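Below, each chain spelled out in residue letters.
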Amino acid sequence: MIGNDIEIARKLLVSGQVVAIPTETVYGLAANALDPQTVSQIFIIKNRPTFDPLIVHTYAWEEVKKYVLDIPTQAKELVQAFWPGALTLILPKKKIIPDLVTSGLDTVAFRIPNHPLTLDLLQRLPFPLAAPSANPFGYVSPTKAEHVTQQLGDQLAYILDGGPCEIGLESTIVGFEEGKPIIYRLGGISREAIEERIGLVTVRPHSSSNPKAPGMLKSHYSPYKPLVLLEEGVASLRAKQDIILAKAGVLAFQKKVLGIPDKQQFVLSEKGELTEAARNLFEGLRFLDSLQVETIYAELVPDRGIGRAINDRIRRAAA
Ligand code: TXA
Ligand code: MG
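Keep in mind the model is a prediction, meaning the values are calculated, not measured.

**Student:** Help me get a handle on the overall build of the chain, residues and values and all.
**Tutor:** Looking only at helices and strands, the chain has 12 helices and 15 strands in total. Against the compact-globule benchmark of 20 Å for 319 residues, the chain has a radius of gyration of 19 Å, which places it among compact chains. Dimensions of the chain, computed from the C-alpha atoms along their principal axes, are close to 60 × 45 × 35 Å. Taken over 319 residues, the chain has a buried fraction of 55%. Intrachain contacts of the chain at a sequence separation of at least 6 include 66% that bridge at least 24 residues. Within the structure as shown, the chain displays about 13,700 Å² of accessible surface, and the carbon and sulfur contribution to it stands at 51%.

The following block contains the structure:
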């Protein structure tokens, strides 16, 4: 079932069921974060390995304090600046957070999402919600309720429809090692915005040997069709044989590529705005994946602000 009834969602969650919820970043697959039994359903529905920990969502800072041990000063500054919002903080956890949620790590990821329906829902619940993105493991995240319906609809009791996601990219994940802030995943809040508040941060997305943020596996965010970077420039694509062009889909930043059929192309932002491009990115990948094309060619966007997170997702999809 799909709808915008918070009470239906609340009752199902209280009775131990999994419900899809809207956030400003992407849709989440939510369950009672304090109940391992229910949380295990999330992993089953997503087909997600249990070594990939979940993000816990709540509505107030006072709530977060119930579940974490100590909080670095810089974390507090980020909370002040960006919550509710597209920022996830990794903090040392208390025992009450089940090991399944954190994949056995002694830290937990927390976020206060900025979506009116979900904030309202969270306030009505006596527990926080563990929620990964509401897509099958390894596929791009859903930015509309219908994306969730298409892929996971028959496995879910309810999809809370909060409209299209405002940001369209997952949250930025920040943790602390020996007191130093580290960005583990680029996302909705830009590195620049974070550095304006707390000074220089290290950006260290997943290394394949030791994934600190396991969801950052290189191939994450892939569409099912092979995706190739259009880095060498449009010219090199045009130089390829006609037969290849006829079977090419293009994810373009501002302008369509000459020589490829119009209907096989998706433009992220005609105005060249990075926030608009971010909002359209996953929709674009889904669209191109649904076409009768063999390969998706994706253009990188300017590497600043949220553009860095867009490029991160495109590069991972190409891996
Ligand atoms: O915007 C978002 O963050 C969305 C919405 C639903 O809030 N959620 C989301 O969840 O993107 P998911 O499961 O797709 O990504 C969660 C990632 C994990 O893959 C892992 O990389 C990281 O968060 N994570 C969670 N707990 C962690 C921990 N204790 N230490 C390091 N990384 C952690
Ligand atoms: Mg995900």
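**Student:** Give me the site of ligand 1: which residues, what numbers.
**Tutor:** Among the 26 residues in the neighbourhood of ligand 1, the closest are listed as T25, R48, D52, H57 and S171. Calculation on ligand 1 without its partners gives an accessible area of 680 Å², and the protein chains cover 99% of this total. For the shell around ligand 1, the elements supplying multiple residues, two or more each, are β4 (55-57) and β6 (107-111). Considering only residue class, the shell around ligand 1 consists of 13 nonpolar, seven polar and six charged.

**Student:** Would you mind going over the side chain of H147 in detail, with residue names and values included?
**Tutor:** Considering the arrangement of structural elements, one finds H147 in helix α7 (residues 145-152). In this structure the side chain of H147 is engaged in a polar contact, spanning 3.1 Å, whose partner is the backbone nitrogen of T143. Residues in contact with H147, not counting those within four places in the same chain, are P142, E283 and R286.

**Student:** For the packing of aromatic side chains, give the residues involved together with the corresponding values.
**Tutor:** Inspection of the entire model under this criterion finds four aromatic pairs. Here the aromatic rings of Y139 and Y224 are separated by 4.4 Å at their centres, their planes lie at 25 degrees, and the arrangement is stacked. Residue Y139 is found in the loop between β7 (129-130) and α7, and its partner Y224 is found in the loop between β11 (202-203) and β12 (227-229); the two are separated by 85 residues along the sequence. Here Y224 falls in the exposed class, since its relative accessible area comes to 61%. Seen in terms of ring centroids, F266 and F287 are 6.0 Å apart; in terms of plane orientation they differ by 45 degrees. Their pairing is tilted.

**Student:** Please give an account of the nonpolar core that cites residues and values.
**Tutor:** The nonpolar side chains of soluble globular proteins are, as a tendency, buried together. Counting 76 residues, the largest nonpolar core has L89 and I194 as the members making the most contacts within it. Here this core gets seven residues from one element, more than from any other, and that element is helix α11 (residues 274-290). Once residues lying within four places of it in the same chain are set aside, the contact partners of I194 are L78, F82, L87, T172, V174, I183, I189, G199 and V201. Counting 16 residues, the second largest nonpolar core, distinct from the first, contains I6, F127, L129 and Y158.

**Student:** Could you give an account of the sheet that holds β11, with specific residues and numbers?
**Tutor:** Spatially, the 11 strands line up as an open sheet ordered β1-β8-β2-β3-β7-β4-β6-β5-β9-β10-β11, and their pairing is mixed. With partners counted over all chains shown, the strands left at the sheet margins are β1 (2-3) and β11, one partner each. Strand direction decides the pairing type here: β1 and strand β8 (residues 158-160), joined by two bridges, are parallel. Paired with I2 across the bridge in β8 is I159. Strand contacts of helix α4 (residues 73-82): β5 (87-92), β9 (172-177) and β10 (180-185), with the helix running at about 155 degrees to β5, the strand carrying the most contacts.

**Student:** Account for the confidence of the model for the chain, with residues named and values stated.
**Tutor:** On average, the chain scores 92 in pLDDT, and the residues at 70 or more come to 91%. Taken as a whole, residues 207-211 scores under 50 in pLDDT and shows one contact with residues more than four places along the chain or in a different chain.

**Student:** Tell me about the side chain of S269, and name the residues and values.
**Tutor:** One can find S269 in the loop between β14 (265-267) and α11. Ignoring sequence-local partners within four residues, the contact set of S269 consists of F253, Q254, E276 and A277.

**Student:** For empty space enclosed by the protein, give the residues involved together with the corresponding values.
**Tutor:** Where empty space is left can be seen by rolling a probe of water-molecule size over the atoms. Throughout the structure, instances matching the rule amount to two cavities of 30 Å³ or more. Each pocket or cavity is described by its volume, and for the second largest cavity that value is around 30 Å³. Lining the second largest cavity are T172, L186, G187, I189, S190, R191, G305, I306, R308 and A309. Taken together, the residues that form the lining of the second largest cavity break down as four nonpolar, four polar and two charged.

**Student:** Any details on helix α6 (residues 116-124)? Residues and values, ideally.
**Tutor:** Buried within α6 are the following residues: L117, T118, L119, L121 and L122. Residues of α6 that are buried make contact with α1 (6-14), β2 (19-21), β4, β7 and β8.

**Student:** Describe the pairing of β10, with residues and values.
**Tutor:** With five of six residues buried, β10 is to be regarded as a mostly interior element. The loop that links β9 with its antiparallel partner β10 comprises two residues; one of these, E178, has a positive phi angle of about 50 degrees. Bridging between β10 and β11 involves two bridges; their strand directions are parallel. Bridging from a neighbouring strand, I182 pairs with T202 of β11. This β-α-β element, β10 to helix α8 (residues 191-198) to β11, shows right-handed connectivity.

About the thresholds
Residues numbered from 1 in each chain as written. Chains lettered and ligands numbered in written order. Predicted model: local features only at pLDDT ≥ 70, side-chain atom pairs only at ≥ 80, totals over all residues. Heavy atoms only, no water. Helix = DSSP H or I, 4+ residues; strand = E, 2+ residues; numbered from the N terminus. Rg over C-alpha atoms; globule rule 2.2 N^0.38 Å. Buried < 20%, exposed > 50% of the residue type's maximum accessible area, 1.4 Å probe, protein only. Contact = heavy atoms within 4.5 Å. Areas by Shrake-Rupley, 256 points an atom, 1.4 Å probe, with all protein chains shown as cover. Near = heavy atom within 4 Å. Nonpolar A, V, L, I, M, F, W, Y, C, P; charged D, E, K, R; others polar. Polar contact = N/O pair within 3.5 Å; in protein donor to acceptor, adjacent residues only side chain to side chain. Phe/Tyr/Trp six-rings, centres within 6.5 Å; stacked < 30°, edge-to-face > 60°. Core = buried A, V, L, I, M, F, W, Y, C linked by side-chain atoms within 4.5 Å. Pairing = 2+ DSSP bridges. Axes fitted to C-alpha atoms, helices over the stretch in contact; angles between N-to-C directions. pLDDT = per-residue confidence, 0-100. 1 Å grid on protein atoms, 1.4 Å probe; cavity = no way out; pocket = protein on both sides within 12 Å on 5 of 7 lines; lining within 4 Å. Points joined across faces, edges and corners; volume = space filled by probe spheres on them. Right-handed = clockwise from strand over helix to strand, strands pointing away.

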